Amino acid sequence: MSSVHINDDHLSEIAHRLELREPNRAAIESVAAMTSMHYDVDAKSAPFDCVVDSATGVGKTYVMAGLIDYFAGLESPARNFLLLAPGRTIRDKSIKNFSPGHRKSLTGAMASEPFVITADNFQSPSTRKVMEDGSRTKLFIFTVQALTSKTGEGRATHQYQEWLGGSLFDWLSGLEDLVILADEHHCYRGPAFSKTITDLLPELVVGLTATPAKADENLVVYRYPLARAIKDQLVKTPVLVARRDDRTDDHTKLLDGVTLLRYKERLAHARCDEEGVPRINPVMLVIAQDTAEADRYQEMFDSESFDNGAWIGRTLLVHSNLKGDEKEEALAALEEVESPQSPVRIIISVGMLKEGWDVKNVYVIASMRASVSSVLTEQTLGRGMRLPFGKYTGVEMLDTVEVLAHERYEALLAKRQVLNEKFIDHAVLAEIRRTADGQLVARKKVIDEEREVLPSGDGEAIDTTPFTGQHGDSASGSPSMEPAPAGGIADFEDVLERAKEAADETGAKIRKHYPLPGRAEIVIPYTQKVASKAIVSLNQIHDDTPFTALGKALATEADTELRRTLLRPDEGGTVRGVQADSKVESLALDIPLEISRAGLVKAIMRAPSVRPEAGEARAAQRLADLLIDGMGTDAQKHLSAFWERAARRLTNLVMEHLRKAASQDVVFSDEVKFHKLQKERQTTKEHLAGHSEPHSKAMAYGGWDKCLYEYAWFDTSPEYKAAQALDGAPTVIVWARLHINDLPITWTQEGREYNPDLVAIEEVDGERTCWLIETKMNKEANAEDVRAKARAAKTWANTVNNSGKVDGRWHYLLLTEDDVHDAGLDWNQMKAFGSR
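Residues numbered from 1 in each chain as written. Predicted model: local features only at pLDDT ≥ 70, side-chain atom pairs only at ≥ 80, totals over all residues. Heavy atoms only, no water.

Side note on the overall build of the protein chain
Item 1. When you go through the protein chain residue by residue, the secondary structure sums to 25 helices and 32 strands.
Item 2. Taken across its 836 residues, the protein chain has 53% of its residues classed as buried.
Item 3. If you take every contact in the protein chain between residues at least 6 apart in sequence, the share linking residues at least 24 apart comes to 74%.
Item 4. Looking at the protein chain as shown, the accessible area adds up to about 36,900 Å², and 48% of this sits on carbon and sulfur atoms. (Helix = DSSP H or I, 4+ residues; strand = E, 2+ residues; numbered from the N terminus. Buried < 20%, exposed > 50% of the residue type's maximum accessible area, 1.4 Å probe, protein only. Contact = heavy atoms within 4.5 Å. Areas by Shrake-Rupley, 256 points an atom, 1.4 Å probe, with all protein chains shown as cover.)

Structural data, given as structure tokens:
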């Protein structure tokens with residue numbers, strides 16, 4: 001009797017590398033579970049056909065990347081994946097998503113390292129070689145037309161190729177492990193697509209969409225509706241905005257849009273400046289009814305009579321009438337609209353941007369159509385749902401996207417419920433159950449969604465419990481939830497007044513801070529991640545316990561007597577060894593400890609994969625010292641007697657730890673540079689000269705004795721309390737709250753960085769210790785990304801310590817909220833409770 005099988009460890013590793021949001025991890029898990037159910041339990045024939053329905057902006061591309069890595073990494077791996085796109089725009093976007101080196105590529109985090117094959121390169125010699133290699137993961141990316149038709153785009157894929165012995169289509173249909181990923185699946189269901197699937201004979205077909213066709217409802221194995229995505233703060237909160245008066249002319253509506261946009265820009269720029277990141281420029285998407293209307297709107301924005309010419313040269317027109325160079329220039333500008341250098345603030349479109357355009361800085365959507373319901377039924381709303389800051393900011397105007405409607409406010413309120421009915425109101429996921437006879441099976445579970453996309457705004461409490469998959473815990477931890485904007489339907493004048501007040505308040509109270517004169521300096525060491533995944537380092541060994549334990553195990557008294565064996569023939573004439581009664585005292589060796597220690601270091605350095613570098617030699621010395629410390633005061637005597645045994649076992653222990661680290665952890669260069677922490681701090685938060693309880697994210701706190709800056713502000717209560725403990729500790733000489741790019745530590749192979757919360761310098765009996773401190777809520781402490789960041793920080797600390805250049809030793813300390821609370825502002829207790 002077979003059961004459903006999911007490789008949980010493999011899935012967890014993928015979730016860590018790709019930093020998957022919980023809904024995306026759960027989508028992959030559901031597909032894996034239902035695929036296993038189809039083949040392993042029900043023993044059905046190919047293909048298994050299913051649909052993942054996930055709200056726009058949550059990350060379907062990450063789901064595809066995760067599915068590729070999952071099925072390519074199984075014991076019986078799939079090596080051939082076919083990504084189908086409904087048109088060239090999404091095809092080209094997908095090629096960039098999976099092409100190494102592109103700024104939006106995900107391949108740096110993918111263990112399968114898929115080789116992209118397209119209509120343009122499948123005939124090249126290098127691609128032929130990859131296609132013939134059964135060990136390489138291939139990702140074929142084509143439009144659906146290239147496979148469903150034998151003319152036009154499909155001509156190349158259906159023509160006979162001598163080296164294939166048939167067409168590419170025929171070659172694909174002959175594969176035994178073909179997995180099809182049908183992006184925007186709702187766009188091309190029908191007889192032609194069904195026949196193509198039948199002819200290709202895939203093992204698995206996964207459709208991905210935010211708006212599945214009703215006829216495909218039975219194929220949905222995972223659904224994450226928009227209402228839940230809004231509740232979980234993974235997309236912006238949509239707000240339908242309408243006027244109470246009768247002014248519905250285009251000039252008024254567009255002027256409303258740019259006025260709101262201007263306030264949002266001031267808020268976004270202030271936020272970016274405060275965090276020390278490149279500026280995000282909010283843009284407005286104008287949806288015209290036809291190309292003639294779109295041209296007219298651009299002329300309006302480009303005239304001096306509209307808003308005193310403030311938007312001249314700042315519009316981008318994108319519609320189907322653009323041809324040749326004009327079209328290419330528009331698409332190139334569209335590609336760069338997220339760049340801080342882009343001049344574009346207004347995008348005018350008719351119908352080209354419904355799918356495949358994934359920018360995050362759309363903050364206002366102006367629907368110029370007669371009814372806003374047409375916008376909500378299309379995927380146009382999704383163009384403005386993505387989060388430019390990656391998460392909610394707690395600033396209402398930066399966490400919402402406003403949709404300007406033609407209808408009057410009262411008319412929209414009257415049909416709010418009708419508008420909500422256009423959105424699916426339940427989630428679906430696969431749940432593993434054990435039957436009465438012990439068999440594990442997968443079943444689809446439906447979860448009703450109580451929150452509406454457009455709530456009534458009547459003040460009812462909103463459940464903010466994050467949506468999870470069957471195992472509950474998030475692959476990336478459960479993020480702290482910011483206060484959510486109300487959303488729903490709003491009066492334009494009210495929205496504009498709130499935006500103006502927020503922007504004016506921000507501009508009026510920006511305060512800048514610099515390191516205080518007379519405070520001790522904090523000098524930060526900087527080192528870069530080594531590019532090659534094949535390199536390992538002794539600095540990746542963080543756990544001291546096994547090495548001291550080995551020393552204790554080797555600390556046994558040496559036998560100083562030599563046993564004598566007599567050789568005597570037995571009755572049959574066979575010579576046998578017989579232990580003699582008398583013994584001889586041996587001469588005990590007394591090798592100086594430094595010589596034995598140097599020998600242990602050399603033994604470690606001769607181990608495979610250990611690089612002959614000065615920093616590695618210092619790391620080897622640390623490991624040898626741990627073993628010697630474990631032996632105690634008689635280490636010299638024990639090593640004199642058992643040096644070879646100790647060297648062999650120590651080397652084996654080192655190799656065991658390096659093998660574990662090589663699978664996913666990062667390595668840092670021994671080249672270490674130093675810079676003083678002296679960056680400008682600026683904030684719009686309210687300033688308090690002292691401390692207060694409870695902690696508030698909206699407050700900058702002063703009154704510190706040892707903080708490098710006069711004021712500091714914190715994201716969480718544990719951060720705030722840890723800072724108070726540092727400030728009151730007699731041994732701490734200076735500390736600072738770290739901001740983005742103050743001390744960036746690379747923690748993934750593809751180069752993702754994070755900054756710990758706090759840095760502190762402590763001095764005890766003339767010895768300096770430098771602390772990197774990270775605080776986490778209890779529920780986040782064991783999340784895979786938190787553990788990965790901790791490993792990277794410990795490797796970073798070992799690397800700078802063994803560089804031979806730092807003053808004092810650096811340590812990483814992870815504190816949970818319980819560690820901080822139980823210590824009661826006692827720094828020594830916090831150190832004892834925390835995880836190093």
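Some points on helix α22 (residues 717–728)
Item 1. With 12 residues, α22 should cover 16 Å at 1.5 Å per step; its first-to-last C-alpha distance of 17 Å lies within 8% of that length.
Item 2. Here α22 lies mainly inside the structure; nine of its 12 residues are buried.
Item 3. Its side-chain oxygen placed 3.3 Å from the backbone nitrogen of E719, T716 serves as the N-cap of α22. (Expected span 1.5 Å × (residues − 1). Polar contact = N/O pair within 3.5 Å; in protein donor to acceptor, adjacent residues only side chain to side chain.)

Section: the pattern of salt bridges
Item 1. Counted according to the given criterion, the structure contains 44 salt bridges.
Item 2. Residues R597 and D625 are paired through a salt bridge, measuring 2.5 Å at the closest nitrogen-oxygen approach. Residue R597 is located in helix α19 (residues 593–605), and its partner D625 is located in helix α20 (residues 614–631); the two are separated by 28 residues in the primary sequence.
Item 3. On the accessibility criterion, R597 (19% relative accessible area) is buried.
Item 4. If you follow the salt bridges from partner to partner, you end up with K96, R103, E335 and E336 in one network. (Salt bridge = Lys/Arg side-chain N within 4 Å of Asp/Glu carboxyl O.)

Some thoughts on the sheet that holds strand β31 (residues 767–776)
Item 1. The strand order across the open sheet built from four strands is β27-β30-β31-β32, with neighbouring strands paired in mixed fashion. Strands at the two margins of the open sheet, each flanked by one partner only, are β27 (732–737) and β32 (809–816). Each adjacent strand pair in this sheet contributes to an overall mean axis angle of 20 degrees, direction not counted.
Item 2. The sheet contact formed by β31 and β32 spans eight bridges and is parallel. Looking across to β32, one finds that T775 is bridged to L815. (Pairing = 2+ DSSP bridges. Axes fitted to C-alpha atoms, helices over the stretch in contact; angles between N-to-C directions.)

Here's the deal with the packing of α20 against helix α21 (residues 635–662)
Item 1. Taken N-terminus to C-terminus, the directions of α20 and α21 make an angle of 135 degrees; their axes are 11 Å apart at the nearest point. The pairing of α20 with α21 is recorded here as oblique in orientation. As α20 packs across α21, the resulting crossing turns out to be right-handed. Touching L623, A624, L627, I628 and M631 of α20 are A635, H638, L639, A646, L650 and V654, all from α21.
Item 2. Per-class residue counts for the contact of α20 with α21 are 10 nonpolar, one polar and no charged. (Parallel < 35°, antiparallel > 145°, perpendicular 65-115°, else oblique. Left-handed = near helix turned anticlockwise from the far one by under 90°. Nonpolar A, V, L, I, M, F, W, Y, C, P; charged D, E, K, R; others polar.)

Quick word on the nonpolar core
Item 1. Ranked by internal contacts, the top residues of the largest apolar core, which has 81 residues, are V31, F98 and V206.
Item 2. Broken down by element, the residue count for this core peaks at nine residues, all from helix α2 (residues 22–41).
Item 3. Not counting the four nearest positions on each side in its chain, V206 is found in contact with V31, C50, V52, L67, I180, L181 and A182.
Item 4. Core analysis: the second largest hydrophobic core is formed by 56 residues, L772, V786, L814 and A823 among them. (Core = buried A, V, L, I, M, F, W, Y, C linked by side-chain atoms within 4.5 Å.)

Details of the packing of aromatic side chains
Item 1. The final tally for this structure, using the stated rule, is 10 aromatic pairs.
Item 2. Taken together, a centroid distance of 4.4 Å and an interplanar angle of 25 degrees make the contact between Y701 and Y720 stacked. Of the two residues, Y701 is situated in strand β26 (residues 699–701) and Y720 in helix α22; the sequence distance between them amounts to 19 residues. Both residues of the pair, Y701 and Y720, belong to the buried class.
Item 3. When the centroid spacing of 5.6 Å and the interplanar angle of 45 degrees are considered together, the rings of F714 and Y720 count as tilted.
Item 4. By relative accessible area, F714 is classed as buried at 2%.
Item 5. Members of the aromatic cluster, connected to one another through ring pairs, are Y701, W704, F714, Y720 and W735.
Item 6. One residue, K789, lies across the ring of W747, its end atom 5.1 Å from the ring centre. (Phe/Tyr/Trp six-rings, centres within 6.5 Å; stacked < 30°, edge-to-face > 60°. Lys NZ or Arg CZ within 6 Å of the ring centre and 35° of its normal.)

Quick word on a negative patch on the surface
Item 1. Together, D290, D295, E299, D302, D325, E326, E328 and E329 line one region of the surface with negative charge.
Item 2. Among the elements of the structure, α12 (291–301) and α13 (324–335) are those that each provide at least two residues to the negative patch.
Item 3. Element by element, the count of residues in the negative patch is highest for α13, at four residues.
Item 4. Structurally, the position occupied by E326 is in helix α13. (Patch = residues over 30% accessible without salt bridge, like charges linked within 9 Å, V, L, I, M, F, W, Y side chains within 5 Å. Lys, Arg positive; Asp, Glu negative; His and termini not counted. Charge placed at Lys NZ, Arg CZ, Asp CG, Glu CD.)

Digging into the packing of helix α1 (residues 8–18) against α2
Item 1. Closest axis-to-axis distance for the α1/α2 pair is 11 Å, and the angle between their directions is 150 degrees. Taken together, α1 and α2 sit at an angle that is classed as roughly antiparallel. For the element pair α1 and α2, the recorded crossing hand is right-handed. Contacts between α1 and α2 involve D8, L11 and A15 from the former and R25, I28 and E29 from the latter.
Item 2. For the contact of α1 with α2, a count of residues per class yields three nonpolar, no polar and three charged.

Quick look at the sheet that holds strand β13 (residues 400–404)
Item 1. Read across the open sheet, the seven strands follow the order β10-β11-β9-β12-β13-β8-β16; overall the sheet is parallel. The open sheet has two free edges, formed respectively by β10 (315–318) and β16 (488–491), since each of these has just one partner strand. Looking at each pair of strands side by side, their axes are set apart by 25 degrees on average, direction ignored.
Item 2. The sheet strands contacting helix α11 (residues 250–275) are β9 (283–287), β11 (346–349), β12 (362–367) and β13, and the helix crosses β12 at an angle near 175 degrees.
Item 3. Against the sheet, α13 makes contact with β10 and β11, and its axis sits at roughly 125 degrees relative to β10, the strand it touches most.

Overview of the side chain of K264
Item 1. Examined against the element boundaries, K264 turns out to sit in helix α11.
Item 2. Of the residues examined, K264 reaches a relative accessible area of 0% and is grouped as buried.
Item 3. Among the polar contacts made by the side chain of K264, one reaches the side chain of E402 at a distance of 2.6 Å.
Item 4. Those residues in contact with K264 that sit more than four places away from it in its chain are P282, Y363, V364, M397, L398, T400 and E402.

Some points on the environment of A555
Item 1. Topologically, A555 is positioned in the loop between α18 (545–554) and β19 (561–562).
Item 2. Here A555 falls in the partly exposed class, since its relative accessible area comes to 27%.
Item 3. With 78 residues separating them along the chain, A555 and T633 place their C-alpha atoms 9.8 Å apart.
Item 4. If we ignore the near neighbours within four places in the chain, the residues touching A555 are M631 and H638.

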